[in-house]
There are 2 protein chains.
Amino acid sequence: MKKAPTIRDVAATAGVSVSVVSRVLNDGSGPVAVATREKVVAAIAELGFRPRAAARELNGAGLTIGLMLADLTNPFFARLADRIVWEARGRGVQVVLTTTQEDPHIEAETLATLLDRSVGGVIATPTGDNIDQWSRLQDVGVDLVFVDRSIASLQNTDVVSIQNEASAASATQHLIALGHRRVAVISGPLSTSTGAARVAGYQSALTAAGIPIDPALIRGVPFRGDAGADAVAALLALPLVERPTALLVANTAQVQSSMRQLYQMGVEIPRELSVIVFDDNPWTELVTPPLSVIRQPIDMLARHSVDLVLGRMQGKLPVGPRFVEVQAEFVSRSSSAAPDPQESHV
Amino acid sequence: MKKAPTIRDVAATAGVSVSVVSRVLNDGSGPVAVATREKVVAAIAELGFRPRAAARELNGAGLTIGLMLADLTNPFFARLADRIVWEARGRGVQVVLTTTQEDPHIEAETLATLLDRSVGGVIATPTGDNIDQWSRLQDVGVDLVFVDRSIASLQNTDVVSIQNEASAASATQHLIALGHRRVAVISGPLSTSTGAARVAGYQSALTAAGIPIDPALIRGVPFRGDAGADAVAALLALPLVERPTALLVANTAQVQSSMRQLYQMGVEIPRELSVIVFDDNPWTELVTPPLSVIRQPIDMLARHSVDLVLGRMQGKLPVGPRFVEVQAEFVSRSSSAAPDPQESHV
DNA sequence: TACAAAAGTGGTACCGGTTCCACTCCGGAT
DNA sequence: ATCCGGAGTGGAACCGGTACCACTTTTGTA
């Protein structure tokens, strides 16, 4: 159990002071003669020296970021985590992972532990609560990037997301173009940024087509639990003339629950009901029928999040918040089709 | 941007020395009078003091573990990560996440960065290579727990996994009991512990039933890429009399690829081919037909992994490696049935 | 009553980096 | 010739905890 070499060992073997080694380590932090740098680099290689992250963090110069996601059970977040870890690795940055399980209470606790960690930055999918905790985090100098969601009252925070409104609108347009007039939507809570934006897009598409908006067809449901199944059941229990002929599931966490309910009720897709869901998973094309989806460019979300938070940490970005919106792609499969004349009750 | 209180601030407001505060922080590290402890606790609460993780790690007394998984795209690993993070949170432990993407080269690099982090322990799904790097990790005092997989030549490492051999055997028995005699298996590489154990279980079930083992029906394929699809294609391209009537997909990472290939080839399940897959996902019952699965108790794997690694870190466990095997559950759904007499060519 | 052992407390040297500052050169401008 | 400024370097304080050790007070026991 011999211990790892320290910066002083390197300094000794290179015949220089620790200051110089440190400067070599953090390129650009001070002048180093070319010849000296070479000696130091050689010594580092010879000893297999690697600077310890903990020592750096103690000085506030760490390269660790916190990643706070809602829930790794949701394939969307799982893949997002995968890509973010990947991007971070490529930049020599380590990632401390936490999950909130969509619980503001846990989120608050987690926020505190992230502070102890003296992480330089945080990438998060906020629950929507804990507003003052988030701003306190920023006050102590931690750079913050929201991904996928945002919080309206935190105007000074960078946000990376897809074009939620446009995506929902285009999916809705697609259904309208197929001939549907009663389109339902299951979204996240309307208090969340994604819920609100997607419903807004859905509404604008309807309005543009001259279709009146029916509040009964809009279901903003929680991310946790089986709220999707309940919403589906409620929608299908509507009187025949009010019942939707198409459904947009704009709540990634409730897709599975909603689909299961549809299968259990024996709903025939797309004859009785056309379905489009948010987020493309490996299994969306394995179910019967294969699902039409809004595909989120997860790698882009990851790349921009990491770029942003690191850019901030290194002070390479101008002040003022950045809002990055990437385009999502609508992928048409068999679950969306023209409404069945037999089923139509216009 | 005011800074957080330090241990010295606490000592000052409590009217004691930092030593005492430290002792209160790490309960059991030394004597503290009850009255004093109360004063210190009050001061901590008043100042909202939280010890910084980095400072602790510098002394080798950190409570951070590394979690090194193959790939968060695989729902099995994603859910495992979710549970491990959860268990760790409950114990006040932070998790640094890395992924190997099944690449030994990346694994090696990642191993090094985990060392810099001065983590006290690591939970990992090893690729199978980098044997000496793993043991070097142990040499420097990092406690190591392998989860899901193991490495045969690292005998001194704790391992948490399901009963791979028994699980594969019981699934195979199930198929045999249904009347199948030509059962194929798609597993991970036979050089991996899971691949070898599952194939062994499969073979023992066949042998017990007096069915000869046909090497052509055993496909140990890599975790990455589309090897599952290729294996399926190859199996179905066999001459009619050799073609399997049942398939056990014992490689969680290749389930999706294999299933997609089956759908693309228009194979009717279970009439033409019975299918059982390893790992129960949210979507296994949404596909048509719902899949019979081996359900892995992911929460148990997570709990035991975290317990083990923390137990080691705190020296609360006797020396000598621990091998924890938890039971997996076979869940019968519609994808496994008796072979079609029409299709049978015995 | 005496005296050793244990309880309680404080001082301070670490851990391994970063960073500020002082100092020595050196070349170029005045 | 003199001065100035910047490149290059080393010394040492510092970040925020932990842990060892020395010291004083109890407590228990012979």
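Please read all numbers here as calculations on a predicted model, not as lab measurements.

Caption draft 1: The arrangement of empty space enclosed by the protein in detail. Counting across every chain of the model gives three cavities of 30 Å³ or more. Of the pockets and cavities examined, the largest cavity occupies roughly 100 Å³. For the largest cavity, the lining is made up of 15 residues, of which Asp148, Thr194, Arg198, Phe223 and Thr252 of chain B are closest to its centre. It is helix H9 (residues 193-208) of chain B that contributes the most residues to the lining of the largest cavity, three residues altogether. Here the residues of the lining of the largest cavity sort into five nonpolar, six polar and four charged. Of the domains in this structure, domain 2 (64-162 + 298-326) and domain 3 (164-296) of chain B are the two that each give at least three residues to the lining of the largest cavity. Here the second largest cavity is characterised by a volume of approximately 80 Å³. Those elements giving two or more residues to the lining of the second largest cavity turn out to be helix H5 (75-90) and helix H9 (193-208) of chain A. Taken together, the residues of the lining of the second largest cavity break down into four nonpolar, four polar and three charged. Counting only domains with at least three residues in the lining of the second largest cavity, you end up with domain 2 (64-162 + 298-327) and domain 3 (164-296) of chain A.

Caption draft 2: Geometry of the side chain of Arg149 of chain B. Residue and element names in this part refer to chain B. With respect to the helices and strands, the residue Arg149 is situated in the loop between strand E4 (143-147) and strand E5 (158-162). According to the relative accessible area criterion, Arg149 is buried, its value standing at 3%. Within the local environment of Arg149, its side chain forms a polar contact with the side chain of Glu102, the two groups lying 2.6 Å apart. If sequence neighbours within four positions are ignored, Arg149 has contacts with Ala70, Phe77, Glu102, Thr125, Pro126, Thr127, Val159, Ser193, Thr194 and Phe223.

Caption draft 3: Focus on the interface of chain A and chain B. Taken together, the contacts link 50 residues of chain A with 50 residues of chain B. For the pairing of chain A and chain B, the buried interface totals around 4,600 Å² over both sides, and the portion due to carbon and sulfur atoms is 56%. A per-residue breakdown of the area chain A buries against chain B is headed by Asp116, Arg117 and Leu286 of chain A, which together make up 15% of the total. Our count for the contact surface shared by chain A and chain B stands at six salt bridges. As a salt-bridge pair, Asp116 of chain A and Arg50 of chain B come within 2.8 Å of each other at their nearest N and O atoms. Scanning the region where chain A abuts chain B turns up 17 residue pairs in polar contact (both at pLDDT 80 or more). When residues in the side of chain A that touches chain B are grouped by element, the largest group, eight residues, is from H5 of chain A.

Caption draft 4: How the structure looks around the protein's contact with DNA strand D. Inspection of the region around DNA strand D gives 28 residues, with Ser19, Arg23 and Thr36 of chain A together with Ile7 and Arg8 of chain B positioned closest. A share of 53% is what sugar and phosphate atoms reach among the atoms of DNA strand D within 4 Å of the protein. Interatomic distance of 2.8 Å between a backbone N/O atom of Ala33 of chain A and a phosphate oxygen of DNA strand D. A distance of 2.4 Å separates a phosphate oxygen of DNA strand D from a polar side-chain atom of Thr36 of chain A. Among the secondary structure elements, those contributing two or more residues to the surface near DNA strand D are helix H2 (18-25) of chain A together with helix H1 (7-14), helix H2 (18-25) and helix H4 (53-58) of chain B.

Criteria and thresholds
Residues numbered from 1 in each chain as written. Chains lettered and ligands numbered in written order. Predicted model: local features only at pLDDT ≥ 70, side-chain atom pairs only at ≥ 80, totals over all residues. Heavy atoms only, no water. 1 Å grid on protein atoms, 1.4 Å probe; cavity = no way out; pocket = protein on both sides within 12 Å on 5 of 7 lines; lining within 4 Å. Points joined across faces, edges and corners; volume = space filled by probe spheres on them. Helix = DSSP H or I, 4+ residues; strand = E, 2+ residues; numbered from the N terminus. Nonpolar A, V, L, I, M, F, W, Y, C, P; charged D, E, K, R; others polar. Domains from an automatic or database assignment. Buried < 20%, exposed > 50% of the residue type's maximum accessible area, 1.4 Å probe, protein only. Polar contact = N/O pair within 3.5 Å; in protein donor to acceptor, adjacent residues only side chain to side chain. Contact = heavy atoms within 4.5 Å. Buried area = accessible area lost by both parts, 1.4 Å probe. Salt bridge = Lys/Arg side-chain N within 4 Å of Asp/Glu carboxyl O. Near = heavy atom within 4 Å.

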